[in-house]
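# Examining the three-dimensional arrangement
Listed here are the chains, written in short residue letters.
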Protein chains: 2
Amino acid sequence: MAFLFDKITMNDKDLLLKLLEATTFTFKKHTNILTSLKKDNIVGVVESGRVQIIRNDYDGNRVIIDELNQNDVFGTMISSMIGDNYDIIVKEDNTKIIIIDYSNITNFNSTQYNFFNQFIKNLLVITTDKIVEKNDRIEVLTQKSIRDKLLEYFRIISEKKGGKTFDIPFSFTELAEYLGVDRSAMSRELKNLKDEGFIKVVNKRVTLLY
Amino acid sequence: MAFLFDKITMNDKDLLLKLLEATTFTFKKHTNILTSLKKDNIVGVVESGRVQIIRNDYDGNRVIIDELNQNDVFGTMISSMIGDNYDIIVKEDNTKIIIIDYSNITNFNSTQYNFFNQFIKNLLVITTDKIVEKNDRIEVLTQKSIRDKLLEYFRIISEKKGGKTFDIPFSFTELAEYLGVDRSAMSRELKNLKDEGFIKVVNKRVTLLY
DNA sequence: TGAAAACTGTTGCAATTGCAACATATTTAT
DNA sequence: ATAAATATGTTGCAATTGCAACAGTTTTCA
C-alpha cells in the first residue's frame, strides 16, 4: 500500500511537516472532525485509529463514502462537503490525524527541499490509487440487481486477495450502505446465494463456490 | 478547470514531454486505444477530441466509467483494466492523445528541472478533482430509486452551474448508463417527473421547478 | 443522398426491491 | 455487570424496476 512518507527520512518528514505547517489532532470516538476544522481545503493523514467519511441523505439514508485506517490519506475535497451533509466520523478512541492545509502543498516552493518532491509524488500515487478504488465501487454500484452487486463486489475482493475465500471488511449493515441497497433486502439475497450454493458465508468470511 | 500544463511555458512543456518520453497518437473514431498501447501504466492527455472509458459487463451491460474531453487526463490505472473488459473508445475523428509512461513520472529526478515540480503539482490537482467527480457519481448511484438518482444528479449539476436550468452533457442513453439504470425505466421516470411538475425538459435542457 | 446505425418514447408484465415491523443476538459504555 | 445501543435475520406487501418488443426519429457515414 502506498504510504505518504515513503522514501522520506524521519528527519525530513519532521522538517516537511513543520514547513507545511501541519498540525496533529487527537480525537475521541464519535467525534465529527469536520466541525473541528477551520480550513476547508486540507489533506488529512490518519496516524493511528480509524475514521469514516459519511454522507447523510435528506431522507435519512447514510452512505459510506470512504473508510480510512492507519496511514490513509483523505481530504482535498472537503470544501465541497461543508454544508452538504458530510460527516467525517472518528470510529476509534485516540485517533490521531495530521492535518495539512492543501494550499500549503500546492504553493510550496520546493527548489531548496528535495524531499518535497518525493512527498508530492507519494501523494500523487495515493490519489491515483484512490481513483482505482472509486472505480471499483462505481462498477459495483452500476450492477442492476442486489445479487449482481454482491457478486461483483465479491469478484473484486477475490481478485485482489487472489483466492476464492476472503473476509468482508465491513459489518453487513455497512456493506449494504456500501452497495447502496436496503440491508434486509441484501440479507435476503445473501441467503438466496447461500441456498443456491453459489457462496458459503461463515461470520465475515465468504467463499465463492463457483 | 485544472490544466496539466498550467504555469509551464510552452518551451518547458516541450522539454518536459521530451524528457518524459511522451508520444502523441492520432486516432480515428471508434478506435479502442487500449489495444494500441504497449505499456500498461500510463498517463494520457486528450490534446483534442473526445474519448470514453467503458466497461462491458459479462452480461452485456455497458458502463461509462469516464468521459474525457480536450485537456482531460486519464490513465494510471490502466494496468488494472487490461483483460478486464475495459475499453477506451475514441468518440471523434482525429482525436489526439499524449501518452506518458507513468513510471517515467514517478522516477523522474527533478532537482535540475524546476518545471517538473509544477507539472506534478498540476497532475495532483487534476487527480484530486477527479476524486471529487467520482464521489459525486457514487452519491448519485447510492440513491435507491431512479427518481432519486435523477434528482440527485440534477441537484449536483445545478449546484455546479449555480442555476435551476442546465444542459445534460449526455445522450439519454448515456445518462441511463451513467446512472446505472435501464434506459426505458429512466425514460418513464423522467416523464413522471415532468407530468408531476418537478422538472421541465426541452431537448437536453433541464429546468428544476422546485 | 440514401441506407444503416443509433437514439428516443412507450407499455405490459414478471421479477426484484424497499420498507416496515418484528424477534434475537451481539457489542458498547458506564 | 448491566442497561442501552447496534447489528442481524426474517417476512409480507406494495412499489419500483428491468426486460422485451415496438415504432418513430435523428444521426452517421460511405
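About the cut-offs
- Throughout this document, residue positions are counted from 1 along each chain, in the order its sequence is written.
- Here every chain gets a letter starting at A, and every ligand a number starting at 1, in the order they are written.
- Local features in a predicted model are, by the rule used here, given only for residues with pLDDT of at least 70; side-chain atom pairs are given and counted only at 80 or more, and totals for whole chains, interfaces and linings are based on all residues.
- Side-chain metrics rest on all non-hydrogen atoms present in the structure, leaving aside hydrogens and water.
- Throughout, the term near means that a residue has one or more heavy atoms lying within 4 Å of the molecule or strand in question.
- Polar contacts, as counted here, are pairs of nitrogen or oxygen atoms within 3.5 Å of one another; within protein the pair requires one atom able to donate a hydrogen and one able to accept it, and residues that are adjacent in sequence qualify only if both atoms are side-chain atoms.
- Runs of H or I in DSSP of at least four residues are treated as helices and runs of E of at least two as strands, each being numbered from the N terminus.
- Amino acid classes used here: Ala, Val, Leu, Ile, Met, Phe, Trp, Tyr, Cys and Pro are nonpolar; Asp, Glu, Lys and Arg are charged; the rest, including Gly, are polar.
- Strand pairing is assigned whenever DSSP detects at least two bridges linking the two strands.
- Comment: axis = line fitted to C-alpha atoms, over the contacting stretch for helices; angle = value between 0 and 180 degrees taken between N-to-C directions.
- Between two residues, a contact is recorded if the distance between any of their heavy atoms is within 4.5 Å.
- Overlaid copies result from least-squares superposition on C-alpha atoms, with residues included only where pLDDT is at least 70 in both.

## A few points about the protein's contact with DNA strand D
By nearness alone, 21 residues border DNA strand D, and T173 and R183 of chain A together with H30, S145 and I146 of chain B come closest of all. Between DNA strand D and F172 of chain A, the relevant distance is 3.1 Å, taken from a phosphate oxygen to a main-chain nitrogen or oxygen of the residue. The contact in question runs from a phosphate oxygen of DNA strand D to an N or O atom on the side chain of T173 of chain A, over 2.8 Å. Considering each element in turn, the surface near DNA strand D owes the most residues, five residues, to helix α6 (residues 183-195) of chain A. Here the surface near DNA strand D is composed, by residue class, of four nonpolar, seven polar and ten charged.

## Here's the deal with the sheet that holds strand β8 (residues 165-167) of chain A
Residues and elements named next belong to chain A. Judged by pairing direction, the sheet is antiparallel, and its three strands sit side by side in the order β8-β10-β9 without closing on themselves. Sheet topology places β8 and β9 (199-202) at the edges, where each strand pairs with a single neighbour. Each neighbouring strand pair of the sheet contributes to a mean axis angle of 20°, computed without reference to strand direction. Note that β9 and strand β10 (residues 205-208) share four bridges and pair antiparallel. Looking across to β10, one finds that I199 is bridged to L208. Contacting β8, β9 and β10, helix α4 (residues 146-161) runs over the sheet at an angle of about 105° to β8.

## Some points on the relation of the copies chain A and chain B
One copy of the chain maps onto the other through a rotation about an axis plus a displacement along that axis. Least-squares fitting of chain A to chain B yields an RMSD of 0.1 Å, with the superposition described by an axial translation of 0.0 Å and a rotation of 180°. Those values place the two copies in the arrangement expected of a two-fold rotation axis. Relative to the rotation axis, the C-alpha of L124 of chain A is the closest in chain A, positioned 2.7 Å from it. In this assembly the copies share their binding face: 100% of the residues contributing to the interface of chain A also contribute to that of chain B.

## Here we look at the sheet that holds strand β2 (residues 42-48) of chain A
Residue and element names in this part refer to chain A. A sheet is described by the order of its strands in space; here four strands give the open sequence β1-β7-β2-β5, paired in antiparallel fashion. The sheet is open, and its two edges are formed by β1 (23-27) and β5 (73-75), each paired on a single side. With strand direction ignored, the average angle separating the axes of adjacent strands in the sheet is 30°. Looking at chain direction, β2 and strand β7 (residues 95-101) are connected through six bridges and run antiparallel. The partner of I42 across the bridge, within β7, is D101.

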